[in-house]
Amino acid sequence: MKMAFDPVQRGGRGSFWLSVVVGVLVPVSAYGTVSVELLPRIDQVRRALAEWRLPALVEAADAMNRFELPDPSQPDDLFWLNYWSGVASFNAVLCSRELTGDELAGTDVGDLMGGAVDSLGAALKIHPDHGECHAMLAVLDAVRISDRSWMALFLGPSLMRHRAAASKADPMSPRTAYLLGTSQLKRAKDDTRVREAMIALEQAVDLYGQERGRSRQPWEPDWGYEYALLFLGEAHQALNEWTEAATCFERALGINPHLERAQHGLEKCRSQTVNR
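I will try to describe carefully the structure that is included in this document. Each chain has its residues counted from 1, following the order in which its sequence is written. Only residues with pLDDT of at least 70 are given local features in this predicted model, and only at 80 or more are side-chain atom pairs given and counted; all residues enter the totals for whole chains, interfaces and linings. With hydrogens and water excluded, all non-hydrogen atoms of the structure serve as input to the side-chain values.

### Things to note about the nonpolar core
Filter applied, for reference: To form a nonpolar core, buried Ala, Val, Leu, Ile, Met, Phe, Trp, Tyr and Cys residues must be joined to one another through side-chain atoms within 4.5 Å. Relative accessibility thresholds used throughout: buried, under 20% of the residue-type maximum; exposed, over 50%; partly exposed, between the two (1.4 Å probe, protein chains only). Only DSSP runs of H or I covering at least 4 residues are called helices, and only runs of E covering at least 2 are called strands; the numbering of each starts at the N terminus. Throughout, a contact is declared for two residues whenever any of their heavy atoms are within 4.5 Å.
Judged by nonpolar contacts, the single largest core of 80 residues is most densely connected at Tyr83, Trp84, Phe90, Tyr178 and Trp223. Top element by residues in this core is helix H3 (residues 75–96). It accounts for 13 residues. With residues up to four places along the chain from it excluded, the contact list for Tyr83 reads Leu120, Ala123, His130, Glu132, Cys133, Met136, Arg175, Pro221 and Trp223. Within the second largest apolar cluster, five residues are counted, among which are Ala142, Ile145, Met151 and Leu159.

If you want it as structure tokens, here you go:
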């Protein structure tokens with residue numbers, strides 16, 4: 001699956017959603033509005049996240065990267081296009097790490113990583129203080145460091161910079177808390193570090209619960225709840241807290257039954273409980 005990324009220069013002909021011709025006014029959120037033509041692509045990313053299959057995530061990211069904006073001079077459109085492209089590519093990277101051998105055939109994981117970094121970087125050029133973009137980039141840095149420890153020399157400062165920016169810009173975003181907790185968990189070398197990551201993931205789960213009671217615009221993010229529960233379960237698992245881990249995996253599967261990683265975690269917890 002080869003993906004072409006051109007995250008900054010995306011444009012095309014058409015009428016902007018808020019134009020007089022269309023005559024539609026949309027409530028403005030913290031990061032503005034988007035053109036109506038972009039909404040089906042955002043919904044495609046949401047469906048791919050729910051399926052949690054690599055081909056669906058790659059296809060959603062590719063669709064975002066091929067999309068031509070009705071009015072490329074609109075910064076809000078450009079921001080959300082790059083944000084959701086980054087979300088699709090970022091999660092494709094995470095999904096690819098659960099696969100091996102034939103399941104990855106034809107997929108260039110380097111392309112996925114590069115696409116995520118490029119799209120999120122392009123979004124930050126428009127809104128430099130967007131915490132979730134910084135948090136996703138911090139996780140990608142942590143992933144690359146976990147694969148090759150020597151890369152900490154080059155990516156360590158970037159990881160810390162993105163972590164600090166995310167914490168400062170958007171501390172009440174559940175996705176920021178989940179992503180920062182995940183990056184902590186990936187770098188945890190002992191039980192103390194795992195518990196520190198667990199605190200961030202527990203905060204994320206609480207924030208997701210609060211977010212579910214709020215209204216949102218159709219282009220605003222609402223993803224990640226089940227993944228926060230998944231990684232919180234894995235943190236409990238790392239500490240041999242099998243009952244707590246099982247509860248987290250069950251809750252994650254209640255939100256998204258397609259999460260095979262949560263199902264495997266739950267089975268392991270049950271086997272540990274039986275063998276006690």
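### Regarding the pattern of salt bridges
Inclusion rule: Salt bridges are counted wherever a side-chain nitrogen of Lys or Arg sits within 4 Å of a carboxyl oxygen of Asp or Glu.
Across all of its chains, the model carries 14 salt bridges by this definition. Here Glu98 makes a salt bridge to Arg261, at a shortest N to O gap of 3.5 Å. Remark: Arg261 occurs in helix H11 (residues 260–274) and Glu98 occurs in the loop between H3 and helix H4 (109–126); sequence separation between them is 163 residues. Note on Glu98: relative accessible area 28%, which makes it partly exposed.

### Observations concerning the environment of Ala166
Counting through the fold element by element, Ala166 comes out in helix H6 (residues 152–169). Among the residues examined, Ala166 registers a relative accessible area of 0% and is labelled buried. Sequence-wise, Ala166 and Leu180 are 14 residues apart; in three dimensions their C-alpha atoms are separated by 8.1 Å. In this structure Ala166 touches Gly131, His134, Ala135, Pro171, Thr176 and Leu180, once residues within four positions along its chain are discounted.

The values are spatial; any link to function lies outside them.
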